[in-house]
Amino acid sequence: MAASSEPVIDVRGVTFRYAHRADDRPILDDVSLTIAEGDFLGIIGPNGGGKTTLLKLMLGFLEPDAGEVRVFGVAPERGRGWIGYVPQHATIDPAAPASVLDVVLMGCLGHSRWGVWYGRSERDRAMSALERTGCASLAHRPINALSGGQKQRVLIARALVAEARVLLLDEPTTGVDPYAQQGLTELLHELHARIPIVMVSHDISFVTQHLNRVACLNGRMSVHGIDELSHDQIERTYAGPVMVLHHHEEDCPIHAHGHGHHDASGGSENGAEQD
Ligand SMILES: Nc1ncnc2c1ncn2[C@@H]1O[C@H](COP(=O)(O)OP(=O)(O)OP(=O)(O)O)[C@@H](O)[C@H]1O
């Protein structure tokens, strides 16, 4: 295991473009961000601002054109086993006959001594991840019988099961009803006591109330302590037609870079998707 003095995740001067896009502006332009132990960091910005792309670079699913990403001091391909990832719009095939426990066990793939077979220790770990997320009593229910909030907890358990040392969550509260969102908020708080969390979010009340740092990303990035952002300022950025951040405007890419406009619920795109 890497030395604990290493940053959890270090993104240094990363520039990234998707190949074959008509618009060859970088999606990420010289982006730097260091995640440390104890962090509960939100990544905010308009749609198409590059938030998911940044998470994929941290996971080593994409490679930077310039700059470097390190995960606990090593390349993301080697370090991604320490990352628990809950992707945006994670879906479970509605026809899948899987139980909740089966879904969590999938998080052991690549970590199990038995390849795709799970032994007693994997089952124990899966049950303990379900306990941590308050879902142990659901272990044998069909996954598709669960509510959106319960499914999201199960996906967090799946991210934790392989003994993750950092949690990356992409819009975890999207599509979850307000009551369940509150439960998820409490869960993330509890988890944060033991594991650093990086969370892409449009949930401004969550960002202002619970996170300790906020990274504003719109092609370029600036990082702010939560005390530097007033609720009014963030509301103006995301909630209304006047979407302005008042924190160090000259340093903030949401003002300076000119990628699109800024809207918590929709926002703009940098360009067309060309997968
Ligand atoms: N595989 C891909 N190929 C080409 N372009 C892509 C690909 N994936 C994303 N993009 C484009 O890159 C830009 C950034 O996308 P990304 O998903 O990182 O943004 P985001 O900030 O996460 O947006 P959202 O808030 O909508 O999830 C967008 O313009 C998107 O269309």
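Throughout this description, residue numbers start from 1 for each chain and increase along the sequence as written. Given that this is a predicted model, residues contribute local features only at a pLDDT of at least 70 and side-chain atom pairs are listed and counted only at 80 or more, while totals for whole chains, interfaces and linings are drawn from all residues.

Focus on the packing of helix H5 (residues 148–160) against helix H6 (residues 178–192)
Piece 1. To obtain each axis, a line is fitted to C-alpha atoms, and for helices this fit is confined to the stretch in contact; angles are then taken between N-to-C directions over 0 to 180 degrees. Each helix corresponds to a stretch of at least 4 residues labelled H or I by DSSP, and each strand to a stretch of at least 2 residues labelled E; elements are numbered beginning at the N terminus. At their nearest, the axes of H5 and H6 sit 9 Å apart, and the two run at 20° to each other. The orientation of H5 relative to H6 falls into the category roughly parallel. The way H5 lies across H6 gives a crossing that is right-handed. Judged by residue contacts, Gly 148, Gly 149, Gln 152 and Arg 153 of H5 engage Ala 180, Gly 183, Leu 184 and Leu 187 from H6.
Piece 2. Polarity classes work like this: nonpolar for Ala, Val, Leu, Ile, Met, Phe, Trp, Tyr, Cys and Pro, charged for Asp, Glu, Lys and Arg, and polar for all others, with Gly in that last group. Its residues assigned to classes, the contact of H5 with H6 comprises three nonpolar, four polar and one charged. Roughly parallel means an angle under 35 degrees; roughly antiparallel means over 145; roughly perpendicular covers 65 to 115; every other angle is labelled oblique. Left-handed is the label given to a crossing in which the near helix is rotated counterclockwise from the far helix by less than a right angle, and right-handed is the label when the rotation is clockwise. Note on contacts: residues are paired as contacts if their backbone-placed C-beta atoms lie within 7 Å.

A closer look at the sheet that holds strand E8 (residues 213–218)
Backbone-to-backbone hydrogen bonds pair the strands of a sheet. The strands run either parallel or antiparallel.
Piece 1. DSSP-based pairing: two strands are paired if at least 2 bridges between them are found. Pairing in this open sheet of six strands is mixed, and the strands run E5-E6-E7-E3-E8-E9 from one edge to the other. This sheet does not close on itself; its edge strands, each paired only once, are strand E5 (83–86) and strand E9 (220–225). With direction set aside, neighbouring strand axes in the sheet form an average angle of 15°.
Piece 2. Direction of pairing for E8 relative to E9: antiparallel, over a ladder of six bridges. Residue Val 214 lies in a different strand from E9, and its bridge partner there is His 224.
Piece 3. With respect to the sheet, helix H1 (residues 51–58) is in contact with strand E3 (40–44), strand E6 (166–170), strand E7 (197–200) and E8, its orientation differing from that of E6 by roughly 150°.
Piece 4. Sheet strands in contact with H5 are E5 and E6, and its direction is about 155° off that of E5.

With respect to unusual backbone geometry
Piece 1. For Asp 30, which is not a glycine, the phi torsion comes out positive at approximately 55°.
Piece 2. With respect to the secondary-structure elements, Asp 30 resides in strand E2 (residues 28–35).
Piece 3. If you check the backbone angles, Phe 72 has positive phi at about 50° while not being a glycine.
Piece 4. Note on burial: count the other C-beta atoms lying within 10 Å of the residue's C-beta; 20 or more is buried, 12 or fewer is exposed, in between is partly exposed, and C-beta positions come from the backbone. Residue Phe 72 is classed as buried on the basis of its C-beta count, with 21 C-beta atoms lying within 10 Å.

Quick look at the pairing of strand E1 (residues 9–16)
Piece 1. With five bridges connecting them, E1 and E2 associate as antiparallel partners. Looking at the pairing, Phe 16 lines up with Leu 28 of E2.
Piece 2. Pairing between E1 and strand E4 (residues 66–71): five bridges, direction antiparallel. Following the sheet pairing, Val 11 is matched in E4 by Val 69.

A few points about the nonpolar core
Piece 1. A set of buried Ala, Val, Leu, Ile, Met, Phe, Trp, Tyr and Cys residues, joined to one another through C-beta atoms within 7 Å, is what we call a nonpolar core. Membership of the largest hydrophobic core comes to 64 residues, with the highest contact counts inside it found for Met 58, Val 104, Ala 157 and Leu 168.
Piece 2. Among the elements that line this core, the one with the most residues is H5, at six residues.
Piece 3. With residues near it in sequence (within four places) discarded, Val 104 still touches Ala 126, Ala 129, Leu 130, Val 154, Ala 157, Arg 158 and Val 161.

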